[in-house]
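One letter stands for each residue in the lines below.
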Amino acid sequence: MQTKEAIVFPDYPNSLLGAISSVLRHYGVQDTHATLPELDRALQNGPRNVVFMIFDGLGVDMLEHDLAPDDFFRRHLCRELTSVYPSTTAAATTTYNSGLSPLEHGSLGWSLYFKEYCRCIDIFPNQDSFSGEEIAGGRANDRFLSYKTIYERIAEAGSGVHTYNLQPSFIPFREGPHTLVHADDVQTYCDTIAEICQNGQQNFVYAYWFEPDSTMHKQGCYTDGVKEMVRRFSAQVEAMCAQLEDTLLIVSADHGLRNVEPQPVYLNEIEELAECLLLPPSMDARAASLFVRPDRKADFPALFQKHLGADFLLLTREEAFARQLFGPGAPHPKSLDFVGDFVACAVGDRYLKYRTPNAPGKGHLYYGHHAGLTAPEMVIPLILCEMP
């Protein structure tokens, strides 16, 4: 087992929420959260183009392991930020696309228990978390967790900027006042961004790419393949910048990752804990929402500490909300539904799963993971490059 790392709680004024709030404020959106002074100053220079690139899983830990100090990403590293909590794509990218904290938008994790369906649903693929069955009747995410996008908010502010959303082709994103562009490799992203920025208009471009997260899940964080990928991304973005003028480039991530023990902990196989649960765990594998039988709430913390205390910090529901673990603001009604009696926050190298009788099998093993409270998962970069 790895040594337990220092715990890093989300610092929302100094997080990715602050970064997207700076962009919104720049375009005249008034009802935003606290902004980042460094980004505010760069935006005050009035660039015609603002490009915000998100590389999934590209935490500061990755930059330090994979890049030399003079590589583009590290050379332009302005400061460190925290992710939101959970430090996971569903929560973080929804914050980027809404300008809301996870508490406000409600997309608290990959798998959430919807009382309306009496089941846990993987909200992005819209499928039952255990059987893999597609959820009928439309996307649960769209029905119960809809939000006004940053593109809609910018359009309503009347700044006149043209907004673009670049996504891989396999990711659905609803239509809106923005132009939706699909691309399937980073070089195409860079070429598309360069073309947009040369159109003579005022442009805001948000571009999300799903790597290196996907590869790190499968291989672990420190393989030669991951290192080569991160170096290539840095070089491709640097080459793109050589084509740009009157542009501010922002590069960041949704979260980082850390290596984990590939074999998960199955909560249903720990009898003392399983008999306390009302529902299977939900939210995320390293940020588990636990609903506990009323008659077992008093003794559950001691039992959890006995079995999993070395790898997880157990917070009560009340402690999680009091700490603003999921962010500031007024809670979305579904946030109040999704957070159970306890939240198990990973601080070690294990992740949780639960196997039900209708599950098709044990599923994938993960060598790298996220959603916990350790520094590799929580600390992300703010990379700024100004091209006059």
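Residues numbered from 1 in each chain as written. Predicted model: local features only at pLDDT ≥ 70, side-chain atom pairs only at ≥ 80, totals over all residues. Heavy atoms only, no water.

**Some words on the packing of aromatic side chains**
And then number 1: Going through the model one piece at a time under the given rule, you end up with 22 aromatic pairs.
And then number 2: Geometrically, the ring pair formed by Phe 114 and Phe 144 is tilted, given 6.1 Å between the ring centres and 50 degrees between the ring planes. On the criterion of sequence distance, the pair formed by Phe 114 in strand S3 (residues 111-114) and Phe 144 in helix H7 (residues 140-144) is long-range, its members being 30 residues apart. By the burial criterion, Phe 114 is buried, and Phe 144 matches it.
And then number 3: Here the aromatic residues Phe 55, Phe 72, Phe 73 and Phe 233 are joined through ring pairs into a cluster of three or more.
And then number 4: Sitting over the face of the ring of Tyr 147, Arg 174 holds its NZ or CZ atom 5.2 Å from the ring centroid. (Phe/Tyr/Trp six-rings, centres within 6.5 Å; stacked < 30°, edge-to-face > 60°. Helix = DSSP H or I, 4+ residues; strand = E, 2+ residues; numbered from the N terminus. Buried < 20%, exposed > 50% of the residue type's maximum accessible area, 1.4 Å probe, protein only. Lys NZ or Arg CZ within 6 Å of the ring centre and 35° of its normal.)

**Describing the nonpolar core**
And then number 1: Ranked by size, the top nonpolar core spans 104 residues in total, and within it Met 53, Phe 55, Phe 73, Phe 204, Val 237, Leu 249 and Phe 326 carry the most contacts.
And then number 2: Ignoring any residue separated from it by four or fewer positions in sequence, one finds Phe 326 in contact with Tyr 12, Tyr 85, Pro 86, Ser 101, Pro 102, Leu 103, Leu 108, Met 283, Ala 320, Phe 321, Val 339 and Val 343.
And then number 3: The next biggest cluster of nonpolar side chains, apart from the first, holds 19 residues, and it includes Val 265, Leu 267, Leu 277 and Leu 303. (Core = buried A, V, L, I, M, F, W, Y, C linked by side-chain atoms within 4.5 Å. Contact = heavy atoms within 4.5 Å.)

**Remarks on the state of the cysteines**
And then number 1: The full count for this structure, using the stated rule, is zero disulfides.
And then number 2: For Cys 118, which is in no disulfide, the shortest distance to another cysteine sulfur is to Cys 120 and amounts to 11 Å.
And then number 3: Looking at Cys 118, the relative accessible area reads 60%, which means it is exposed.
And then number 4: Unpaired in terms of disulfides, Cys 221 finds its nearest cysteine sulfur in Cys 345, a separation of 19 Å.
And then number 5: Judged by its relative accessible area of 0%, Cys 221 falls in the buried class. (Disulfide = S-S within 2.5 Å.)

**With respect to the packing of helix H5 (residues 89-98) against helix H8 (residues 150-157)**
In a pair of packed helices, the angle between the axes and the distance between the axes together describe the arrangement.
And then number 1: Packing of H5 against H8 leaves a shortest axis separation of 6 Å and a crossing angle of 15 degrees. As summarised for this structure, H5 and H8 are arranged roughly parallel, according to the angle between their axes. Seen from H5, the contacting residues are Tyr 96, Asn 97 and Ser 98; seen from H8, they are Ile 150, Tyr 151 and Arg 153.
And then number 2: Considering only residue class, the contact of H5 with H8 consists of three nonpolar, two polar and one charged. (Axes fitted to C-alpha atoms, helices over the stretch in contact; angles between N-to-C directions. Parallel < 35°, antiparallel > 145°, perpendicular 65-115°, else oblique. Nonpolar A, V, L, I, M, F, W, Y, C, P; charged D, E, K, R; others polar.)

**Thoughts on the pattern of salt bridges**
And then number 1: Tallied over the full model, the rule gives 20 salt bridges.
And then number 2: A salt bridge links Lys 148 to Glu 156, with the nearest nitrogen and oxygen atoms 3.1 Å apart.
And then number 3: For Glu 156, a relative accessible area of 56% gives the class exposed.
And then number 4: Close ionic contact of Arg 355 with Glu 269 constitutes a salt bridge, the shortest N to O distance being 2.8 Å. Here Arg 355, found in the loop between strand S16 (352-353) and strand S17 (368-369), pairs with Glu 269, found in the loop between strand S11 (265-266) and helix H12 (271-274); they are 86 residues apart in sequence, far enough to count as distant.
And then number 5: Connected via shared salt-bridge partners are Lys 115, Glu 116, Lys 334 and Asp 337. (Salt bridge = Lys/Arg side-chain N within 4 Å of Asp/Glu carboxyl O.)

**A look at the sheet that holds strand S2 (residues 77-82)**
Within a sheet, each strand pairs with its neighbour through backbone hydrogen bonds, oriented either parallel or antiparallel.
And then number 1: If you walk across this open sheet you meet the seven strands as S2-S18-S9-S1-S8-S6-S7, and the pairing is mixed. The sheet is open, and its two borders are formed by S2 and strand S7 (179-182), each paired with just one other strand. Mean inter-strand twist for the sheet, computed between neighbouring axes without regard to direction, equals 20 degrees.
And then number 2: As paired elements, strand S1 (residues 49-55) and strand S9 (residues 247-252) share six bridges and run parallel to each other. Across the sheet, the residue bridging to Asn 49 is Thr 247, located in S9.
And then number 3: In the packing of helix H1 (residues 16-26) onto the sheet, the strands contacted are S1, S2, strand S8 (203-209), S9 and strand S18 (379-387), and the crossing angle to S1 comes to about 160 degrees. (Pairing = 2+ DSSP bridges.)

**A word on the side chain of Thr 215**
And then number 1: The topology assignment puts Thr 215 in helix H10 (residues 213-219).
And then number 2: Its relative accessible area of 12% is what places Thr 215 among the buried residues.

**Thoughts on the packing of H1 against H5**
And then number 1: One way to put it is that H1 packs onto H5 with a least axis distance of 8 Å and a crossing angle of 15 degrees. It follows from the interaxial angle that H1 and H5 lie roughly parallel. The two elements H1 and H5 meet at a crossing, and its hand is right-handed. Taking contact as the criterion, the partners of Leu 16, Leu 17 and Ile 20 in H1 are, on H5, Ala 92, Thr 95 and Tyr 96.
And then number 2: Among the residues forming the contact of H1 with H5, the class breakdown is five nonpolar, one polar and no charged. (Left-handed = near helix turned anticlockwise from the far one by under 90°.)

**What about H5?**
And then number 1: Counting buried residues along H5, ten of its ten residues qualify, which places the element largely inside the surrounding structure.
And then number 2: Within the sequence span of H5, burial applies to Thr 89, Ala 90, Ala 91, Ala 92, Thr 93, Thr 94, Thr 95, Tyr 96, Asn 97 and Ser 98.
And then number 3: A positive phi of about 75 degrees marks Gly 99, the residue just after H5.

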